[in-house]
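Observations on the model geometry
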Amino acid sequence: MLFLRLVSGVLCLLLALPMSNATPTGCTETGSYGTCDFSSWSPPLVSGDFSTSPCYITLNNVDGTLPANAFSGLSDCADPSGQRSIAITCTGSNVLVIAANAFAGTMTWITELSITDCVISAGISSSDLSGLSGVVDFLTSGGTIASFAATTFSGLPMNSIAMSGTTLTAATFPSGFLENAGSAMTKITLDNLGLTSIPSGAFDGKSAVTALNVANNALTTLETNAFDSMTSLSTLSITGNQWACTCDISYLVKWVKYTGVTLDGDITCMTPTAYNGTLLNKVSFALGCETTTTASTDDSTWDKALKYGTAVIATLALGVAIATMVSHCCMMQKMAQGGNSPNTSNQKTKNSKRIVTPLPVNEPTRNNFF
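Rules used throughout
Residues numbered from 1 in each chain as written. Predicted model: local features only at pLDDT ≥ 70, side-chain atom pairs only at ≥ 80, totals over all residues. Heavy atoms only, no water. Salt bridge = Lys/Arg side-chain N within 4 Å of Asp/Glu carboxyl O. Buried < 20%, exposed > 50% of the residue type's maximum accessible area, 1.4 Å probe, protein only. Pairing = 2+ DSSP bridges. Helix = DSSP H or I, 4+ residues; strand = E, 2+ residues; numbered from the N terminus. pLDDT = per-residue confidence, 0-100. Contact = heavy atoms within 4.5 Å. Polar contact = N/O pair within 3.5 Å; in protein donor to acceptor, adjacent residues only side chain to side chain. Disulfide = S-S within 2.5 Å.

1. Some details on the pattern of salt bridges
For the coordinates displayed, the defined rule picks out one salt bridge. With a closest N to O distance of 3.0 Å, Asp76 and Arg84 form a salt bridge. Of the residues examined, Asp76 reaches a relative accessible area of 42% and is grouped as partly exposed.

Okay, here's the thing in structure tokens:
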């Protein structure tokens, strides 16, 4: 009897062991979170190797190539929150190379891709993200990215791009990079990327964006009308750049004032040297810049109201002046018809009723009125 109980206990332990180790090699899991170490994992990841198919996959200590089909065995998870993500984290200056079809498979359910502290010397092309057709949020922090393709985010239902502290070797984006990211985006963060310029029309079509951050870069100027199409913009951060405060960017002073956009930080001049550290609005005044350089600013509601009000006041003033002149002319005409002075008619009336009486004795003779 005792023997049977021992055998039963051993069998239970043997059955339980596979369950406790039901994770892929080099990975751990906690609920909907699956974490794998790049140095010891064995891709592709397969949902069946986890006790619960993960919704949030983190790949740590990356240094090398993310192979094709690395996540192809994963299927959608049961997390009701709706968010599913892949987070790739490098250590130090470790390299990340994204192989073609690295995200191939049934990855359409992934909504967020984040890359931290990775050196991507080959850049990111549109094919690198092939398979992530459901991604709405793209995030980077630290590291270096050589460049992006103009079509990197084409066809993706992007909601936000949030890049912070990632050195962009090209120091700019290709024309079309943001435009091709879709019109539904609400937030763009390009903070501390080493940007020296932003392509013409980069923010065209971004009417849904409410927050834009291009702070802490090396920007010296912005094209006129750069933000005109961002009709929903409420917060703008452009502080920490190397602004060359000339009349070329003075339009920003009036644009900020009359659009009601909240500036997160001041626009401080780097050059000219005489104005280093001075706020743009003060330099604009000192230089005598016209701050009505943009068509949208000139034709703003405020300007139209001001011009209309000025025209109305001028018209009323002119009308009063004309009425006064007409009244004066009429009075002068009547005076001319009735006599030489305004008192003529009264004098004649008095004379017609006048009674002549003898003068007192010894009183000097006085002249009559006429």
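2. Thoughts on the pairing of strand β11 (residues 160-164)
Across five bridges, the pairing between strand β9 (residues 137-141) and β11 is parallel. Across the sheet, the residue bridging to Leu139 is Ala162, located in β11. Pairing of β11 with strand β13 (residues 187-191), which is carried by five bridges, proceeds in the parallel orientation. Looking across to β13, one finds that Ser160 is bridged to Lys187.

3. Here's the deal with the confidence of the model for the chain
Interpretation of this model should avoid reading the predicted coordinates in detail wherever pLDDT is low. Summarising the model, the chain shows a mean pLDDT of 80, and 72% of its residues fall at 70 or more. Between residues 13-21, whose pLDDT stays under 50, and residues either more than four places distant or in other chains, the model counts zero contacts. Counting contacts from residues 340-370, a segment whose pLDDT is below 50, to residues more than four positions away or on other chains yields 11 contacts.

4. Overview of the pairing of strand β2 (residues 33-37)
Burial of β2 is one-sided: the residues Gly34 and Cys36 facing one way are buried, the residues Tyr33, Thr35 and Asp37 facing the other way are not. Here four bridges tie strand β1 (residues 27-30) to β2, and the two strands are oriented antiparallel to one another. Bridge pairing links Cys27 to Cys36 in β2. A loop of two residues connects β1 with β2, the two strands running antiparallel in sequence, and Gly31 in this loop sits at a positive phi of about 60°. Looking at chain direction, β2 and strand β3 (residues 56-62) are connected through five bridges and run parallel. Counterpart to Tyr33 in the pairing with β3 is Tyr56.

5. Comments concerning the side chain of Ser53
With respect to the helices and strands, Ser53 occurs in the loop between β2 and β3. Within the structure, Ser53 has its side chain in polar contact with the side chain of Ser47 (distance 2.9 Å). Separated by 3.1 Å, the side chain of Ser53 and the backbone oxygen of Ser75 make a polar contact. Dropping the residues within four chain positions of it, Ser53 is found in contact with Ser47, Ser75, Asp76 and Cys77.

6. Let's talk about the state of the cysteines
Tallied over the full model, the rule gives four disulfides. The disulfide bridge from Cys90 ends at Cys118, spanning 2.0 Å between sulfur atoms. Between Cys90 and Cys118 the sulfur-sulfur dihedral comes to about 95°; the bridge is accordingly right-handed. Highlighted residues: Cys90 in strand β5 (residues 85-90) and Cys118 in the loop between β7 (112-116) and β8 (119-120), separated in sequence by 28 residues. The exposure class assigned to Cys90 is buried, which follows from its relative accessible area of 3%. Here Cys245 engages in a disulfide with Cys269; their sulfurs sit 2.0 Å apart. Taking the torsion about the S-S bond as the criterion, the Cys245 to Cys269 disulfide, at about -100°, is left-handed. Of the two residues, Cys245 sits in the loop between β16 (243-244) and α2 (251-259) while Cys269 sits in strand β18 (residues 269-271), which places them 24 residues apart along the sequence. By relative accessible area, Cys245 is classed as buried at 0%. With a relative accessible area of 4%, Cys269 lands in the buried category.

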